[in-house]
Amino acid sequence: MPRWVKLGLGVIVASLLVVAGAAGGLWWAGQQQLTKDHGALPSTVAGGPGDAALGARLVGVYGCNGCHGKALAGEDFYGIVAPNLRRRAREWTREDFARAVRHGLRPDGTSISWAMPTEMFAVMADNEIAAIHAHLRRLPAATDAQPITLKHRLFKAYVAATGELIPNVVLVRATDAGPAVAPAPGTPAWGPYFTRLACAECHNHGLGGTGGDTPALADAIQVYDWPAFVRLTTTGRPPDGRKLRLMTGVGRERLVHMTDAERRALFDYLKSLLPP
Ligand code: HEC
Ligand code: HEC
């Protein structure tokens, strides 16, 4: 073999080794985070037996089926698999399930990442989490609609290694806890409770909005009267024929499942917020 070919091959092999080493390092760092055991699991109480009919409504209002698939059997959520909840609810006890949704911890002590909005769900009431668990168990067993592929594993390891995939245990505050029973619509505790679970995921803590993406709700509600608000929260259409993006589906597919009492209480609560 001529010397220049040998040299060329050597350079190629060396570069491949460097690339493989870097990829291996990233994979290793990602796995360190993803498989970390966060130790002592907080005990949770999740009142039962859950009201499955209430659970069927809540998976819509809180958007579980927006990310875990319409049938709740799993879906790809921006490259991360939102797992098959019908299977999880069968495999995990109500306690395990409550700990996952509210504290972001799986039964093996690993943390679920912030792709799942645990930070908002941390205050979910015992009766509501039990209701969702009961609803999922009442649905027929389903195979995973979105299997975890090699591509999903590599992507997850990569975003974990770069620090983009924040573990939920870091985000949930020790003081976050849900009441035994969700507040009743119209009571003073209801507005902050409901909007944290149903709106804060996109409109931010305190409902102040997120820069250019979502408006502050105290502002946005100004142009709404009651009939217009009913239309937004049942059909996703705003008052003046503008075209909304994400909020169209939120109105049409999520908020449509609110009870009349909740819709009225939500309107009154948003109108009571002081514009920033
Ligand atoms: C914005 C999207 C989104 C919403 C809304 C959402 N989830 Fe998730 N959820 C995810 C993703 C993505 C994961 C996987 C995250 C990971 O692996 O780090 C997940 C993980 C989970 C897990 C852990 C499963 C496992 O095997 O690790 C449970 C349980 C869960 N979600 C329940 C729920 C429930 C109940 C609701 C509604 C109250 C809900 N989720 C709403 C995206 C979402
Ligand atoms: C999944 C994300 C998401 C959730 C959850 C969500 N919103 Fe929105 N909302 C948006 C976005 C994004 C906009 C900006 C308009 C658009 O792009 O669709 C918006 C706009 C709005 C507007 C202004 C509409 C207009 O006239 O321009 C109102 C009012 C509103 N949301 C109320 C709510 C309320 C109340 C909740 C909770 C019950 C909620 N939203 C939950 C994403 C969300």
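Remember, it's a predicted structure, so these values are computed and weren't measured experimentally. Counting from 1, residues in each chain are numbered in the order their sequence is written. A letter from A marks each chain and a number from 1 marks each ligand, given out in the order of writing. Predicted model: local features are reported for residues with pLDDT of at least 70 only, side-chain atom pairs are reported and counted for 80 or more only, and whole-chain, interface and lining totals are derived from all residues. Processing note: side-chain calculations cover all non-hydrogen atoms of the structure and skip hydrogens and water entirely.

Time to look at the nonpolar core. Within the largest apolar cluster, 47 residues are counted, with the highest numbers of intra-cluster contacts made by Tyr 62, Phe 121, Met 124 and Phe 194. Only DSSP runs of H or I reaching four residues or more are called helices, and only runs of E reaching two or more are called strands; each is numbered from the N terminus. Among the secondary structure elements, those contributing two or more residues to this core are α2 (52-61), α4 (85-91), α5 (94-103), α6 (118-121), α7 (126-138), α10 (190-198), α13 (226-235) and α15 (260-272). The dominant element in this core, judged by the number of residues it contributes, is α10, at five residues. Two domains share this core, each providing at least three of its residues, namely domain 1 (52-171) and domain 2 (190-272). Residues belong to one nonpolar core when they are buried, are Ala, Val, Leu, Ile, Met, Phe, Trp, Tyr or Cys, and are joined through side-chain atoms within 4.5 Å. Throughout, exposure labels follow a simple rule: accessible area from a 1.4 Å probe, protein chains only, divided by the maximum for the residue type, with under 20% read as buried, over 50% as exposed, and the rest as partly exposed. Formed by five residues, the second largest nonpolar core is a distinct cluster that contains Leu 34, Ile 80, Ala 160 and Leu 165. How far each domain reaches was decided by an automatic or database domain assignment.

Before going further, it helps to examine the coordination of the iron atom of ligand 2. Distances from the iron atom of ligand 2 to its protein donors, His 203 (NE2) and Met 247 (SD), fall at 2.1 to 2.3 Å. Its relative accessible area of 24% is what places Met 247 among the partly exposed residues. Coordination here is defined by N, O and S atoms within 2.8 Å of the metal (3.2 Å for Na, K and Ca), and since water is not considered, a site can look incomplete.

Taken together, the protein ligands of the iron atom of ligand 1 are His 68 (NE2) and Met 116 (SD), with distances of 2.0 to 2.2 Å. Because the angles between the six donor atoms bound to the iron atom of ligand 1 fall within 88 to 179°, the donor set is best described as octahedral. One end of the pair, His 68, is in the loop between α3 (64-67) and β1 (75-77); the other, Met 116, is in the loop between α5 and α6, and 48 residues separate them in sequence. Among the residues examined, His 68 registers a relative accessible area of 8% and is labelled buried. Tetrahedral means four donors with every angle between 85 and 135 degrees, whereas square planar (four donors) and octahedral (six donors) require angles over 155 degrees between opposite donors and between 65 and 115 for all others; sites fitting neither are termed irregular.

Like-charged residues are merged into a patch within 9 Å and nonpolar side chains (Val, Leu, Ile, Met, Phe, Trp, Tyr) within 5 Å, provided each residue has over 30% relative accessible area and no salt bridge. All accessibility values rest on the Shrake-Rupley procedure with a 1.4 Å probe; residue burial counts only the protein chains present in the view. Within this document, salt bridges are pairs made up of a side-chain nitrogen of Lys or Arg and a carboxyl oxygen of Asp or Glu, the two lying within 4 Å of each other. Judged by side-chain polarity, Met 1, Leu 9, Ile 12 and Leu 16 come together as a nonpolar surface patch covering roughly 440 Å² of accessible area. Secondary-structure assignment places Leu 9 in helix α1 (residues 3-34). Overall, Leu 9 belongs to the partly exposed group, its relative accessible area being 43%.

Turning to helix α14 (residues 246-254), its buried residues are Thr 248, Val 250, Gly 251 and Arg 254. Buried residues in α14 make contact with α2, α10, α11 (200-203) and α13. Residue contacts are counted whenever heavy atoms from the two residues lie within 4.5 Å of one another.

So, on to the site of ligand 1. Note on definitions. A residue lies near a molecule or strand when any single heavy atom of the residue is within 4 Å of it. Near ligand 1 there are 25 residues, and of these Cys 64, Cys 67, His 68, Arg 88 and Met 116 occur at the shortest range. Polar contact is defined as a pair of N or O atoms within 3.5 Å, subject to the rule that within protein one atom must be able to donate a hydrogen and the other to accept it, and that residues adjacent in sequence are counted only when both atoms are side-chain atoms. Between ligand 1 and Arg 88, the relevant distance is 2.4 Å, taken from an oxygen atom to a side-chain nitrogen or oxygen of the residue. Within the side chain of Ser 113, one N or O atom sits 2.7 Å away from an oxygen atom of ligand 1. Among the elements that line the shell around ligand 1, the one with the most residues is α5, at three residues. Its residues assigned to classes, the shell around ligand 1 shows 18 nonpolar, three polar and four charged. Polar here means any residue outside two lists: the nonpolar Ala, Val, Leu, Ile, Met, Phe, Trp, Tyr, Cys and Pro, and the charged Asp, Glu, Lys and Arg; Gly therefore counts as polar.

This part is about the site of ligand 2. Around ligand 2, 22 residues are found, and the nearest of them are Cys 199, Cys 202, His 203, Tyr 224 and Met 247. Within the contact set of ligand 2, a nitrogen atom lies 2.8 Å away from a side-chain nitrogen or oxygen of His 203. Between an oxygen atom of ligand 2 and a main-chain N or O atom of Met 247, the distance comes to 2.9 Å. A per-element tally of the shell around ligand 2 places α14 first, with four residues.

The next point concerns the pattern of salt bridges. For the coordinates displayed, the defined rule picks out 13 salt bridges. Note that Arg 88 is salt-bridged to Glu 91, the shortest N-O span being 3.2 Å. Here the residue Arg 88 and the residue Glu 91 both occupy positions in helix α4, the gap between them amounting to three residues, near one helical turn. Under the relative-accessibility criterion, Glu 91 is labelled partly exposed at 43%. With a shortest N-O distance of 3.5 Å, Arg 254 and Glu 201 are connected by a salt bridge. Taken together, the positions of Arg 254 in helix α14 and Glu 201 in helix α11 put the pair 53 residues apart, joining distant regions of the chain. The structure contains a network of salt bridges with shared partners spanning Arg 87, Arg 88, Glu 91 and Asp 144.

Here we come to the domain arrangement of the protein chain. Considered domain by domain, the protein chain is made up of domain 1 (52-171) and domain 2 (190-272). Measuring from the centre of the C-alpha atoms in domain 1 to the corresponding centre in domain 2 gives 24 Å. On the domain 2 side, the residues contacting the 15 residues of domain 1 number 14 residues. Put simply, buried area is how much 1.4 Å-probe accessible surface two parts lose in total, over both of them, once they are put together. Summing the contributions of domain 1 and of domain 2, the shared interface buries around 1,400 Å²; its carbon and sulfur component is 58%. When the area that domain 1 buries against domain 2 is broken down by residue, the three leading residues are Arg 57, Val 61 and Met 120, summing to 43%.

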